[in-house]
Amino acid sequence: PYNFWQNPFSDDGKQLLLIDKENSVVLLDASNGKIINRVKKEDKLFKDALLSADGKKIMSFVDKSHVLFWDAMNGNLLSELKSKDRFSYFRTYLSPDGEKVATVSTDTVTVVDANSGNILMQCTGPLPLPFAFSRDGKKILTVSKKNEIGLWDIFSGNLLTTIPAQDKKIRTAQFSPDGDKVLTV
C-alpha cells in the first residue's frame, strides 16, 4: 500500500517516509509502524518524498517543477518551490540539515533556501550528475559528463576546485563524514 523512490529511512533509522494509496505522505515510526504524521494537499498528486537527515522536514514532489516543504512533526506546510519551466528539474536533493534544496537540470544546479525559496547559488555545466551536499550544507560536489569533479561553495557560488577527469565513468560521488575527502565510484 506504500510507494517510495529514494531511501525512505531517516539517518538514524528510526523514521520511515512513504506515500500511501490515498496520496498522503506518511511518516512512520520504523520500530512499530505507527503513524507519526501524515501530510496531504487535496489538489496535488505526490510523485516522491524525502525526509531531511535530522527528521524535521519533509520534502514532497508534485512534479518536476513543484516541491512542497512540510514540518515533519506537526504537518504544517512551510513553503513551496515552483519553477516556471515544467521540466526544469532532472533530480532534486535536500541538504542534510534540511535547510537547502538543490535542483539539478540538464545543465544547471540551483541551490535554494528551503524556507524562503530564495536562490543561494547557481552553477552551470553539462548535466551535473552525480551530485552531493557536504554534511554541513556549505559545499556541493558535481560531476560533469567529462568525469570532472567540481567542488563549489554554496554561499559565494564559487568553484573552489576541479578534480581532473577520471579514466572510468563516475557513478556516484560523496563527501566523507568529516567533509575533508571525496569518494567516487
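Look up: the structure comes first, before these words.
Rules and cut-offs
- Residues numbered from 1 in each chain as written.
- Predicted model: local features only at pLDDT ≥ 70, side-chain atom pairs only at ≥ 80, totals over all residues.
- Heavy atoms only, no water.
- Helix = DSSP H or I, 4+ residues; strand = E, 2+ residues; numbered from the N terminus.
- Buried < 20%, exposed > 50% of the residue type's maximum accessible area, 1.4 Å probe, protein only.
- Contact = heavy atoms within 4.5 Å.
- Areas by Shrake-Rupley, 256 points an atom, 1.4 Å probe, with all protein chains shown as cover.
- Pairing = 2+ DSSP bridges.
- Core = buried A, V, L, I, M, F, W, Y, C linked by side-chain atoms within 4.5 Å.
- Salt bridge = Lys/Arg side-chain N within 4 Å of Asp/Glu carboxyl O.
- Axes fitted to C-alpha atoms, helices over the stretch in contact; angles between N-to-C directions.

## What to know about the overall build of the protein
Alright, step 1. What the protein contains, in helices and strands, is zero helices and 18 strands.
Alright, step 2. Taken across its 185 residues, the protein has 47% of its residues classed as buried.
Alright, step 3. For the protein, contacts bridging at least 24 residues in sequence account for 30% of all contacts bridging at least 6.
Alright, step 4. With the model as given, the accessible surface of the protein reaches about 10,200 Å², and the carbon-plus-sulfur share is 50%.

## A few points about the pairing of strand 16 (residues 159–163)
Alright, step 1. Pairing of strand 15 (residues 149–153) with strand 16 involves four bridges; the strand directions are antiparallel. Residue pairing in the sheet places glycine 150 in a bridge with threonine 162 of strand 16.
Alright, step 2. Remark: five residues form the turn of the hairpin made by strand 15 and strand 16, two consecutive strands paired antiparallel; glycine 157 in that turn has positive phi of roughly 80 degrees.

## Digging into the nonpolar core
Generally speaking, soluble globular proteins have nonpolar side chains that are buried together.
Alright, step 1. Judged by nonpolar contacts, the single largest core of 13 residues is most densely connected at Leu17, Val25, Phe46, Leu51, Ile58 and Trp70.
Alright, step 2. Of all the secondary structure elements, the ones that give two or more residues to this core are strand 2 (15–20), strand 3 (25–29), strand 5 (48–51), strand 6 (57–63) and strand 7 (66–71).
Alright, step 3. Not counting chain neighbours up to four residues away, the residues in contact with valine 25 comprise Leu17, Leu18, Ile19, Asn37, Arg38, Val39, Phe46, Ala49, Ile58 and Ser60.

## Some thoughts on the pattern of salt bridges
Any two side chains of opposite charge can pair if their charged atoms end up close together.
Alright, step 1. Under the defined criterion, the tally for this structure stands at three salt bridges.
Alright, step 2. The shortest N-O distance in the salt bridge between arginine 38 and aspartate 20 comes to 2.3 Å. With arginine 38 in strand 4 (residues 35–39) and aspartate 20 in strand 2, this residue pair connects regions lying 18 residues apart in the sequence.
Alright, step 3. The exposure class assigned to aspartate 20 is buried, which follows from its relative accessible area of 8%.
Alright, step 4. Across the pair lysine 181 and aspartate 178 runs a salt bridge whose closest N-O atoms are separated by 3.6 Å.
Alright, step 5. Using a relative accessible area of 47% as the deciding quantity, one classes aspartate 178 as partly exposed.

## Observations regarding the environment of valine 112
Alright, step 1. Structurally, valine 112 can be placed in strand 11 (residues 108–113).
Alright, step 2. With 42 residues separating them along the chain, valine 112 and isoleucine 154 place their C-alpha atoms 9.6 Å apart.
Alright, step 3. Here valine 112 is in contact with Leu81, Glu99, Lys100, Val101, Gly117, Asn118, Ile119 and Leu120, once residues within four sequence places are set aside.

## Considering the sheet that holds strand 13 (residues 131–133)
Sheet strands associate in pairs through backbone hydrogen bonding, adopting either a parallel or an antiparallel arrangement.
Alright, step 1. Across the sheet, which stays open at both edges, the four strands sit in the order 13-14-15-16 with antiparallel pairing between neighbours. The strands lining the two open edges of the sheet, one partner per strand, are strand 13 and strand 16. Taking the axes of each pair of neighbouring strands and ignoring which way they run, one obtains an average angle of 15 degrees across the sheet.

## Things to note about unusual backbone geometry
Alright, step 1. Positioned with a positive phi, asparagine 23 is a non-glycine residue whose angle comes to about 70 degrees.
Alright, step 2. When you line up the elements, asparagine 23 lands in the loop between strand 2 and strand 3.
Alright, step 3. On the accessibility criterion, asparagine 23 (12% relative accessible area) is buried.

## As for the pairing of strand 15
Alright, step 1. Of all the five residues making up strand 15, five are buried; the element is thus mostly covered by neighbouring parts of the structure.
Alright, step 2. The alternating pattern of strand 15 places Ile149, Leu151 and Asp153 and Gly150 and Trp152 on opposite faces, both of which are buried.
Alright, step 3. Sheet topology places strand 14 (residues 139–143) next to strand 15; five bridges connect them, and they run antiparallel. When the bridges of strand 15 are listed, isoleucine 140 appears paired with tryptophan 152.
Alright, step 4. Adjacent in sequence and paired antiparallel, strand 14 and strand 15 are bridged by five residues, among which asparagine 147 carries a positive phi angle near 65 degrees.

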